[in-house]
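# Observations on chain architecture
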Amino acid sequence: MRLLSATVLAAGCLPALAETTSTSTAIQPGDTIISNGSVIDGTGAPAREADVLIRGDRIIAIQELGDMFPAIASVIDASGKVVSPGFIDTHAHGDPAETPDMHNFLAMGVTTICLGQDGSSNRIGTLSEWFNDIATTRPGPNVLTFVGHGTVRNESGIGLSTTPTLEQLKAMANLVEKGLQQGAWGLTTGLEYQPGMFATANELAVVAAPVGKRGLTVMTHMRNEDDDQVTSSITELVEQCRSAGANAHISHLKSVYGKGSGRAEEILSHIDLARKSGVRVTADVYPYTASHTGLSILFPRWALPPNSYREVLTTRRAELVKYLHDRVAKRNGPEAMLLGSGANAGKTLAQLAAEAGKPYAEVLADLGPRGGSAAYFVMNEDLQSRLLVAEGINICTDGSPTMRHPRGYGSFAKIIRKFVNEDKLLTLEQAVYKMSGLPAATIGLDRLKSKSGTDDAPPRGTLKAGNAADILIFDPAKVKDTATFEEPHQLAEGFDTILVNGKIIRRNNQFTTYRHGHVLKRQD
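None of these values were measured; they are calculated from a predicted model.

Criteria and thresholds
- Residues numbered from 1 in each chain as written.
- Predicted model: local features only at pLDDT ≥ 70, side-chain atom pairs only at ≥ 80, totals over all residues.
- Heavy atoms only, no water.
- Helix = DSSP H or I, 4+ residues; strand = E, 2+ residues; numbered from the N terminus.
- Rg over C-alpha atoms; globule rule 2.2 N^0.38 Å.
- Buried < 20%, exposed > 50% of the residue type's maximum accessible area, 1.4 Å probe, protein only.
- Contact = heavy atoms within 4.5 Å.
- Areas by Shrake-Rupley, 256 points an atom, 1.4 Å probe, with all protein chains shown as cover.
- Lys, Arg positive; Asp, Glu negative; His and termini not counted.
- Charge placed at Lys NZ, Arg CZ, Asp CG, Glu CD.
- 1 Å grid on protein atoms, 1.4 Å probe; cavity = no way out; pocket = protein on both sides within 12 Å on 5 of 7 lines; lining within 4 Å.
- Points joined across faces, edges and corners; volume = space filled by probe spheres on them.
- Nonpolar A, V, L, I, M, F, W, Y, C, P; charged D, E, K, R; others polar.
- Phe/Tyr/Trp six-rings, centres within 6.5 Å; stacked < 30°, edge-to-face > 60°.
- Lys NZ or Arg CZ within 6 Å of the ring centre and 35° of its normal.

Helix and strand content of the protein chain: 16 helices and 22 strands. Relative to the globule expectation of 24 Å for 524 residues, the C-alpha radius of gyration of the protein chain, 24 Å, shows essentially globular dimensions. Along the first, second and third principal axes, the C-alpha atoms of the protein chain reach 85 × 50 × 45 Å. The buried share among the 524 residues of the protein chain stands at 58%. Sequence separation of 24 or more characterises 75% of the internal contacts of the protein chain that already satisfy a separation of 6 or more. Carbon and sulfur atoms form 50% of the exposed surface of the protein chain, whose accessible area is close to 20000 Å². When the 52 basic and 56 acidic side-chain charges of the protein chain are each reduced to a single mean position, those positions are 3 Å apart.

This is the structure:
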């Protein structure tokens with residue numbers, strides 16, 4: 001550990017600052033210094049050797065601080081390691097009231113998670129209470145939320161109706177407005193799920209209007225991710241956001257049963273044309289070729305509520321079985337479907353059918369649309385890898401602490417292990433940007449106001465003086481995702497020191513007993 005005379009520091013004899021705030025850089029009692037690290041700041045810029053001075057929850061300076069430090073400061077020696085911003089997961093799931101530690105996210109370097117996805121969020125009528133409850137519980141990572149379109153559809157009394165009245169549409173827009181006023185960061189839709197699947201273009205424009213008024217983002221699980229429908233689904237999102245003046249963000253961009261990098265180029269060209277037409281379009285991707293969701297994704301609309309499934313089985317079973325057979329066959333067959341809940345968790349649909357001695361479609365019909373969840377191996381590695389490295393596309397997990405899918409425990413670590421270290425499709429600087437600076441800019445976390453000595457939320461996503469001290473210290477060669485489809489709840493390795501809001505939450509690969517995450521509420 002380097003030591004420097006407090007007298008010398010008080011006299012202001014520091015080297016010229018590379019990045020500082022207006023706050024004094026004279027080291028004070030309680031300051032933390034990360035020394036000797038290779039700083040990758042999250043902007044995509046090359047790594048540089050520098051020390052990081054932290055005071056409270058903020059970065060005070062990034063610079064060479066000299067050869068010695070005073071004993072009044074806490075020093076973390078990062079020799080031989082990278083110092084980067086904490087990662088931001090733009091599409092996460094989970095309940096921080098039930099599982100506040102959220103070690104699955106933190107262990108892979110994620111210090112901020114975005115909830116309220118796929119059109120489902122906390123009820124707007126109790127959103128302020130939810131914010132207070134989570135703040136009191138104190139989550140491990142920082143937590144923010146979006147307003148869910150499906151949630152406000154239900155809360156406004158529309159539910160599964162296909163013909164909402166003008167008054168109901170106004171009520172829904174008012175709920176979105178109220179959610180944004182209370183601190184939500186935008187709107188999410190889940191158009192492949194109920195009740196989002198019933199929304200028309202007019203309804204989508206109405207609910208997006210309060211978002212566009214603030215220059216915020218609509219995130220969507222698109223209406224259809226099948227290869228023959230994916231570009232039309234992107235167009236639907238773009239037109240919704242164009243009419244409202246909002247930013248468009250495609251959640252977990254994928255092409256179900258599409259093949260090859262050439263198809264990826266076609267999808268990216270479609271997105272690029274939308275950008276050139278004046279709409280800001282971004283997306284996120286997780287680094288796995290299997291999706292995960294409920295079994296209802298496989299069933300026709302006429303077999304879903306408000307229709308009676310019991311009646312469907314009685315009157316249209318043969319038609320349903322044929323539909324399910326064809327649907328699963330198109331999605332790479334029953335071997336490509338791994339059950340993820342209940343007594344059948346860990347079995348493929350093919351295995352389940354063999355055990356039952358029935359055709360797989362009959363087994364699926366017996367399970368029904370509410371019969372659990374599954375992982376679906378429906379994506380092509382070359383296509384998805386090309387999407388992942390593309391401009392304007394950041395990394396997400398679409399995972400949670402409890403979901404039976406490795407993406408909730410391994411996504412961000414896998415980016416470094418596979419895409420940087422092994423396949424060399426990204427540099428480490430590019431990967432860090434896709435996991436920190438880019439998602440921060442997409443959401444707006446980079447544009448928060450930062451005032452020294454106040455309780456406002458400082459900007460996040462990059463290592464910069466004045467920004468929040470969400471920081472990772474790691475050896476990239478040791479970063480590893482250990483979660484598998486067989487054992488999906490195994491923590492990632494390699495992010496041995498993690499700071500959240502300036503406090504150490506993980507040191508030497510061991511979590512502390514404290515949680516230091518904040519509830520991040522957006523301010524108009």
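To continue, consider empty space enclosed by the protein. Scanning the model with the defined rule gives 3 cavities of 30 Å³ or more in all. Roughly 60 Å³ of volume is contained in the largest cavity. Lining the largest cavity we find Pro85, Gly86, Ile88, Thr111, Thr112, Arg460, Gly461, Thr462, Leu463, Ala468 and Asp470. Tallied by class, residues from the lining of the largest cavity come to 4 nonpolar, 5 polar and 2 charged. For the second largest cavity, the calculated volume is near 50 Å³. Tyr286, Pro287, Tyr288, Thr289, Glu381, Gln384, Ser385, Leu388 and Phe419 are the residues that line the second largest cavity. A class-by-class count of the residues in the lining of the second largest cavity yields 5 nonpolar, 3 polar and 1 charged.

So, about the packing of aromatic side chains. Under the defined criterion, the tally for this structure stands at 7 aromatic pairs. Arranged with centres 5.7 Å apart and planes meeting at 90 degrees, the rings of Phe87 and Phe495 form a pair that is edge-to-face. Placement of Phe87 in strand β7 (residues 87-89) and of Phe495 in the loop between β19 (471-474) and β20 (497-500) is noted, with a sequence separation of 408 residues between them. Every member of this aromatic cluster is reached through a ring pair, and the members are Phe87, Phe412, Phe474 and Phe495. Over the ring of Tyr286 we find Arg407; its NZ or CZ atom is 4.7 Å from the centre of that ring. The lysine or arginine in question, Lys414, covers the ring of Tyr288, its NZ or CZ lying 4.1 Å from the ring centre.

By themselves, these observations are geometric and do not establish any function.
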